[in-house]
Amino acid sequence: MEFALIGVIGVIVLVTVSKFSKQLGVAAPLVLVLVGVASSYIPGLPTPIEVPPWVILSAVLPPLLYAAAIQVPLMDFRRNLGTISALSVGLVIVTAVIVGVVLHALLPGLSLAEGIALGAVVSPTDAVAATAVAKRLGLPARLVTVLEGESLVNDASSLVLLKSALAATAAVVSIGSVAWNFAFSVVVAIVIGLVVGIVTVYFRSRLNDSVLETAMSFAVPFIAYIPTEELGASGILAVVVAGLYTGHNAARKFSAQARIAERLNWRTVQFVLENGVFLLMGVQLNTIIGSVQSDKESITVATAVGIGLLLCVLLLLIRAAFMMPIVIWLRATQRRAAELEDRVSAGLDRVRNRDEPTTERGHRRWRRLTRYLERRSADITELQESPIGWRGGAVLTWAGMRGVVTLAAAQSLPADGSIPYRAELILIAFTVALVTLLAQGGTLPLMIRLLRVSGTDAAADRRELAGLLEELSEAGIAALENPEIPLADGQKLDDQVVDRVRQDTLLRVEAEWERVEREEQEEETVGPHQQYRTLRAAVLDAERAALLEARSRGNYSSRILSRAQTMLDFDESRMAQREDRP
């Protein structure tokens with residue numbers, strides 16, 4: 001009962017802090033860590049509070065990363081794959097080795113392999129707080145994609161490196177064997193993640209029930225994680241791959257109702273897990289310090305905290321140094337893209353000007369070539385319109401905060417006495433995570449403003465959305481011209497019905513263009529579509545009041561009242577989505 005009460009209080013704290021943090025303009029994870037640290041010293045709480053590392057690494061991390069992966073657009077991930085790979089793999093290895101060398105020099109009796117193990121612990125970044133700030137301030141979408149992609153993949157690479165370093169502490173391990181284990185973990189994880197993604201998407205698409213599909217989705221991260229870990233590969237990477245595949249194919253394979261239900265449910269799961277782990281992270285401070293104080297023969301708490309602060313500075317310097325060649329490479333890539341644009345455009349024109357092949361095989365090859373060139377042209381355009389320069393590189397550097405994975409990985413170090421300074425290493429890792437979260441996360445908005453990093457243009461986004469809706473409506477109108485739409489008993493289409501559907505199809509794009517024009521004008525004007533939404537909202541309010549009145553009278557059965565309420569809810573939800581859309 002006591003722990004159930006603590007859980008209820010925890011959820012209330014999450015909701016309250018998240019609500020007020022939005023009003024204060026502060027990322028909720030930062031406040032939750034401070035709340036957790038303060039609550040760890042409240043008398044009466046059960047002590048010691050120490051969450052087993054497997055709970056975070058095996059029970060919390062898979063669904064948390066899956067929830068993030070299904071929301072990452074695969075197109076953006078692919079376009080930034082080089083940068084994401086360099087940061088999530090190359091930077092992790094470099095950081096682990098350098099930190100390992102430093103700890104090996106500072107702590108007598110700590111071997112180089114054990115130092116690298118802690119280096120792997122503090123190497124993965126946690127982009128939760130960073131992306132919360134980035135989205136609130138409207139940072140360029142490309143920077144947000146790099147931050148999210150890095151945090152998705154570097155957890156897997158750091159845990160694989162940690163496993164290899166721990167293996168090296170028990171036996172002599174060559175660099176070749178470490179490289180082989182790393183490659184094996186990555187390849188097996190990608191294969192299993194793809195297989196799980198393909199099979200589960202196919203199975204869920206055959207259920208035809210949004211409740212069953214969403215319930216099945218809760219098992220997907222563990223279906224990918226468990227067998228991969230049993231094979232000695234990276235279960236976390238398998239979860240990320242399965243999530244990316246599922247998110248990319250949801251629009252093609254799942255129904256609209258299933259996608260909406262899955263999106264809402266997984267956003268709730270992500271909110272609870274994401275913010276809950278930061279609260280748990282802060283709550284464990286008292287227990288961690290007590291463990292160090294009880295070890296009289298080792299270094300003091302102050303020394304461990306001092307080493308943690310030193311590592312914070314070192315990690316920032318390593319990330320800055322590693323980011324410099326990446327920015328240089330990205331700028332060179334952008335210059336090459338400008339040169340390549342003319343050749344790709346010329347090739348696309350030549351393909352489009354050819355006569356389409358008459359054979360089915362030839363037509364498929366022609367379509368694949370055209371689609372490839374169109375995608376390549378779009379990639380080049382995106383690269384030129386969203387460059388990452390020195391300012392963007394500085395933001396990416398400062399956003400390299402550590403989080404709960406660092407603490408959980410540190411607590412997973414063997415407790416059998418084989419690794420010296422275990423309690424102190426956990427405190428060092430906690431110090432790194434806490435200080436980077438509060439210092440870098442708290443000052444990230446100031447850094448963004450000082451660097452004057454321009455975000456996405458809201459007006460341009462609205463115009464682009466209106467253009468896309470116009471393209472979609474043209475395809476919809478073209479479908480109305482098809483005389484072969486099947487009807488029961490061979491009946492013909494009623495012209496009035498066709499006109500009504502045509503008007504409904506055009507209504508959405510006309511309303512969006514009206515909104516674009518209204519927001520670009522200096523004087524506020526109320527166009528016909530805005531008037532329609534205002535009147536429609538008033539009608540819905542009146543209908544809902546009438547429904548409540550009918551329910552209070554009891555003239556209609558409960559099932560009929562429930563159906564009517566569902567219909568009003570759908571209409572009101574559509575209106576709210578149109579008003580909330582940026």
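Higher on the page you've got the structure.
As a starting point, this report considers the structure included with it. (Residues numbered from 1 in each chain as written. Predicted model: local features only at pLDDT ≥ 70, side-chain atom pairs only at ≥ 80, totals over all residues. Heavy atoms only, no water.)

It is worth spelling out the overall build of the protein at this point. Looking only at helices and strands, the protein has 23 helices and zero strands in total. Summarising its shape, the C-alpha atoms of the protein cover approximately 90 × 70 × 50 Å along the three principal directions. Residue burial in the protein is summarised as follows: out of 582 residues, 43% are buried. In the protein, 81% of the contacts between residues at least 6 apart in sequence involve partners at least 24 apart. Of the accessible surface of the protein, which amounts to about 31,000 Å², a share of 61% is contributed by carbon and sulfur atoms. (Helix = DSSP H or I, 4+ residues; strand = E, 2+ residues; numbered from the N terminus. Buried < 20%, exposed > 50% of the residue type's maximum accessible area, 1.4 Å probe, protein only. Contact = heavy atoms within 4.5 Å. Areas by Shrake-Rupley, 256 points an atom, 1.4 Å probe, with all protein chains shown as cover.)

Another aspect to go through is the pattern of salt bridges. For the structure shown, the criterion picks out eight salt bridges. Asp 569 serves as the salt-bridge partner of Arg 544, at 2.9 Å between the closest nitrogen and oxygen. Of this pair, Arg 544 sits in helix H22 (residues 528-553) while Asp 569 sits in helix H23 (residues 558-580), and the two are 25 residues apart along the sequence. Ionic pairing is found between Arg 544 and Glu 572, a salt bridge with its closest N-O pair at 2.9 Å. (Salt bridge = Lys/Arg side-chain N within 4 Å of Asp/Glu carboxyl O.)

Here the focus is the environment of Trp 398. Tracing the backbone shows Trp 398 in helix H17 (residues 390-398). The spacing of Trp 398 and Ala 439 is 41 residues in sequence and 9.8 Å in space, taken between C-alpha atoms.

Here the focus is the packing of aromatic side chains. Under the counting rule described, the total for this entry stands at three aromatic pairs. Three or more aromatic residues joined by ring pairs make a cluster, and in this case those are Tyr 66, Phe 218 and Trp 266. (Phe/Tyr/Trp six-rings, centres within 6.5 Å; stacked < 30°, edge-to-face > 60°.)

Here we come to the nonpolar core. Ranked by size, the top nonpolar core spans 114 residues in total, and within it Val 121, Leu 152, Leu 162, Phe 278, Met 281, Leu 311 and Leu 425 carry the most contacts. Ranked by residues supplied to this core, first place goes to helix H19 (residues 422-451) with 13 residues. The residues touching Leu 162, leaving out its near neighbours within four places in the chain, are Ala 117, Ala 120, Val 121, Ala 409, Ser 412 and Leu 413. Of all hydrophobic cores here, the second largest spans six residues; its members include Leu 547, Leu 561, Leu 568 and Met 575. (Core = buried A, V, L, I, M, F, W, Y, C linked by side-chain atoms within 4.5 Å.)

Turning next to the packing of helix H3 (residues 53-69) against helix H13 (residues 256-283). Between H3 and H13, the least distance of the axes is 9 Å, while the angle of their chain directions is 135°. In terms of orientation, H3 lies oblique with respect to H13. The handedness of the crossing between H3 and H13 comes out as left-handed. Residues Ile 56, Val 60, Pro 63, Leu 64, Tyr 66, Ala 67 and Ala 68 of H3 lie in contact with H13, whose contacting residues are Glu 262, Trp 266, Gln 270, Leu 273, Glu 274 and Val 277. (Axes fitted to C-alpha atoms, helices over the stretch in contact; angles between N-to-C directions. Parallel < 35°, antiparallel > 145°, perpendicular 65-115°, else oblique. Left-handed = near helix turned anticlockwise from the far one by under 90°.)

What follows deals with the side chain of Arg 319. The residue Arg 319 is located in helix H15 (residues 301-353) in this model. Within polar-contact distance, the side chain of Arg 319 engages the backbone oxygen of Leu 396 at 2.9 Å. If sequence neighbours within four positions are ignored, Arg 319 has contacts with Leu 91, Thr 125, Glu 150, Leu 396, Thr 397 and Gly 400. (Polar contact = N/O pair within 3.5 Å; in protein donor to acceptor, adjacent residues only side chain to side chain.)

This part is about a positive patch on the surface. Together, Lys 19, Lys 22, Arg 263 and Arg 267 make up a positively charged patch on the protein surface. Mapped onto the elements, Lys 22 comes out in helix H1 (residues 2-24). By relative accessible area, Lys 22 is classed as exposed at 69%. (Patch = residues over 30% accessible without salt bridge, like charges linked within 9 Å, V, L, I, M, F, W, Y side chains within 5 Å. Lys, Arg positive; Asp, Glu negative; His and termini not counted. Charge placed at Lys NZ, Arg CZ, Asp CG, Glu CD.)

Attention now moves to unusual backbone geometry. Although it is not a glycine, Tyr 421 adopts a positive phi angle of roughly 60°. Positioned with a positive phi, Arg 452 is a non-glycine residue whose angle comes to about 55°. Note on placement: Arg 452 falls in the loop between H19 and helix H20 (458-480). Given the relative accessible area of 67%, Arg 452 is considered exposed.

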